[in-house]
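# A structural walkthrough
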Amino acid sequence: MSTSQCYYPEDEEKSIARFEDAQDVCATEAAPDCVIVMHSGKLGRFLSRLFANGIETRGVERVPENQRESKNAWNKSVNTVFDIIPVGVLAQSTFTLSFANAVATILCFGALGAVATAFVATLGPITGLRTMMITRFSSGYLGCTIYSVLNILTQLGFATTTVIFGGQALSNINPGTVPSIVGIIIIGVCSLIPCIVGYNMVHVYERYAWIITLTSMFFLWGLGGKAGYDINAQKPLEDIGHALSADVLSFGGIVFGLFTGWAPVAADFNCRLPADTPPMRVFLLTFFGLFIPICFVVILGAALMTITDPAYIAAFTGGSTGGLVAQVLSPWGHYGQFILILLALSVIANNIPNTYSAGLSMQALGRPFAIIPRIFWVLLAFVVYTVAGVAGHEHFITILSNFLRILSDWTAFFIVIIAEEHFIFRRKNGPLGGYNLDDYDTPSKLPVGAAGILAGCFGVAGAIIGMSQALYTGPLGKMVGAEIGFELAAAFSAVTYPPLRALEIKLTGR
């Protein structure tokens, strides 16, 4: 929160007058609260009281070095959550992979996705900017707007699948008492509250929530073992030869998307770290904060599908993943129902970052959007994904698998473009020699964006021709017989961005 004193009534007129002529970026960075109050008309006094009571004022404005007070870094609570279990379930239910091949795919593609996301996280302390704003240094003002739209859809998609699964889990605790729709609304509201308060409360919640969830996950592992894991149960159903490779690639794309789905928001939660924070520290904390909990939970989902007891198979058939988990916990009776409540509520930890960052991405669409306080965008995000969750709650598995496949495609070229800009053009003694951070909100000083946008278009082309989904199969996807969209998206952008960016710099100097 800003250290400005414009909250107090006796100083309000003086503070607003002080900022009436402050149109430059530095004024907004130093005290976004005062700028928002000044531009909010009749709402100004109400917002001033909210800010005085601890509501975060800073949105997509850069955090100056002298306001980097936070020591928070990526926390494992974000991914030690119940709603990641269905991804592991997909390995057997959709791709017929054996447990061994499912685990190998999860670890390999997960490591690749975690490395990519951890790199993006290191840019937070370096720049003091939210992730979407960082894209302005590679794809310009317009490119940032395009990426912001994609990220809004991504975070709302994640949030929709999260509230659906959490709502279904709550409805399975005692069937007939809590409808899925009511459960969806409960999860949405609980996710909203920390996001309204802002950055610090988000980190406080995430710092401790994982403890209860991890304990509950261990109970789930143990009770699953008591029911009887049979790691060879799926082997007779598994494809062989080329078809097996196709299954691995397709499931691997989903796993990759699960990890890289955090890349467009990774710097959002590190931008208040001191500028001298070692990048390797941020990288390692982010990598392991992603890799360990996600793999732990996704592998649990794959393991639960190896239980061959007819009662458990019937529970999955009738109630999807939530029904299966409820059956696993059923030997403990009411205590098992209590554990299921804790697991269902754990998805809040996953949904908080989605909600928070969706609001920031709405602000990153441009200056007219940035001046609207962050809390209003957060409220809009909550309404949209809650309504979408209620409307689509009967088609959870289909929504999840299709969404994660598409997600992995655009995040792949997004990460490639940012990485090439950072390591090739912004490196020390490189063509641009670093980031002029004062220019982040000045379109005339930012890159034109043609190179980034065109490279992104090539990435989209690669994703399309490598796609293999129910709605559409691209020519290379059909030839390979698998979903290879994210691989081609990354490759096409990686090859085209450097020459296009070099030409852009030569012609424009920026």
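The structure under discussion appears in the preceding block.
### Description of helix H10 (residues 199-227)
- Helix length check: H10, at 29 residues, gives a terminal C-alpha distance of 42 Å against a target of 42 Å (1.5 Å per residue), a fit within 8%.
- Roughly 30° is the biggest bend found in H10, and it falls at Ala209.
- Taken residue by residue, H10 has Tyr199, Val202, His203, Glu206, Ala209, Thr213, Ser216, Met217, Leu220, Leu223 and Gly224 as its buried positions.
- At the C-terminal side of H10, Gly228 shows a positive phi close to 110°.

### Description of the packing of aromatic side chains
- What the rule picks out here adds up to 24 aromatic pairs.
- With a centroid separation of 6.0 Å and an interplanar angle of 70°, the aromatic rings of Trp221 and Tyr229 are classed as edge-to-face.
- The exposure class assigned to Trp221 is partly exposed, which follows from its relative accessible area of 23%.
- Looking at Tyr229, the relative accessible area reads 27%, which means it is partly exposed.
- In this structure an aromatic cluster arises from ring pairing among Phe218, Trp221, Tyr229 and Phe296.
- Lying across the ring of Phe425, Arg501 places its NZ or CZ 6.0 Å from the centre.

### A look at a nonpolar patch on the surface
- A cluster of nonpolar side chains, namely Ile181, Ile185, Val189, Ile193 and Met201, defines an oily patch on the protein surface of about 380 Å² accessible area.
- No other element matches helix H9 (residues 180-197), which puts 4 residues into the nonpolar patch.
- Here Ile181 shows up in helix H9.

### Observations concerning the pattern of salt bridges
- Considering all chains together, one arrives at 7 salt bridges under this definition.
- Arg136 is paired through a salt bridge with Asp441; the nearest N and O atoms lie 2.8 Å apart. Here Asp441 lies in the loop between helix H17 (396-425) and helix H18 (450-465) and Arg136 lies in helix H8 (residues 136-173), a separation of 305 residues in the sequence. Across the pair, Asp441 and Arg136 agree in class, each one buried.
- In this structure, a network of salt bridges that share partners links the residues Glu421, Arg426, Arg501 and Glu504.

### Remarks on the packing of helix H6 (residues 99-127) against helix H11 (residues 241-260)
- In the contact formed by H6 and H11, the axes pass within 8 Å of each other and the chain directions differ by 40°. Considered as vectors, H6 and H11 are oriented oblique to each other. Note that H6 runs across H11; the crossing there is right-handed. Contacts from Asn101, Ala102, Thr105, Ile106, Phe109, Gly110, Leu112, Gly113, Ala114, Ala116 and Thr117 in H6 reach Leu244, Val248, Leu249, Phe251, Gly252, Gly253, Val255, Phe256, Phe259 and Thr260 in H11.
- Grouping the constituent residues of the contact of H6 with H11 by class yields 13 nonpolar, 8 polar and no charged.

### Quick notes on the side chain of Glu421
- Along the chain, Glu421 falls in helix H17.
- Side chain to side chain, Glu421 and Arg426 meet in a polar contact 2.7 Å long.
- One polar contact links Glu421 to Arg501, side chain to side chain, over a distance of 2.8 Å.
- Glu421 has contacts with Phe137, Ser138, Arg426, Leu432, Tyr497 and Arg501, leaving out every residue within four places of it along the chain.

### Points about the side chain of Arg136
- When its relative accessible area of 2% is taken as the criterion, Arg136 is described as buried.
- If sequence neighbours within four positions are ignored, Arg136 has contacts with Tyr141, Cys144, Ala364, Gly366, Tyr440, Asp441, Leu446 and Pro447.

### Considerations on unusual backbone geometry
- For Thr96, which is not glycine, the phi torsion reads 50° and is therefore positive.
- Checked against the element boundaries, Thr96 lands in the loop between helix H5 (85-93) and H6.
- With a phi angle near 70°, Asn429 is a residue other than glycine that sits in the positive phi range.
- Tracing the sequence through the fold places Asn429 in the loop between H17 and H18.
- With relative accessibility at 70%, the residue Asn429 sits in the exposed group.

Parameters and conventions
Residues numbered from 1 in each chain as written. Predicted model: local features only at pLDDT ≥ 70, side-chain atom pairs only at ≥ 80, totals over all residues. Heavy atoms only, no water. Helix = DSSP H or I, 4+ residues; strand = E, 2+ residues; numbered from the N terminus. Expected span 1.5 Å × (residues − 1). Bend = angle between axes of the 7 residues up to and from the residue. Buried < 20%, exposed > 50% of the residue type's maximum accessible area, 1.4 Å probe, protein only. Phe/Tyr/Trp six-rings, centres within 6.5 Å; stacked < 30°, edge-to-face > 60°. Lys NZ or Arg CZ within 6 Å of the ring centre and 35° of its normal. Patch = residues over 30% accessible without salt bridge, like charges linked within 9 Å, V, L, I, M, F, W, Y side chains within 5 Å. Areas by Shrake-Rupley, 256 points an atom, 1.4 Å probe, with all protein chains shown as cover. Salt bridge = Lys/Arg side-chain N within 4 Å of Asp/Glu carboxyl O. Axes fitted to C-alpha atoms, helices over the stretch in contact; angles between N-to-C directions. Parallel < 35°, antiparallel > 145°, perpendicular 65-115°, else oblique. Left-handed = near helix turned anticlockwise from the far one by under 90°. Contact = heavy atoms within 4.5 Å. Nonpolar A, V, L, I, M, F, W, Y, C, P; charged D, E, K, R; others polar. Polar contact = N/O pair within 3.5 Å; in protein donor to acceptor, adjacent residues only side chain to side chain.

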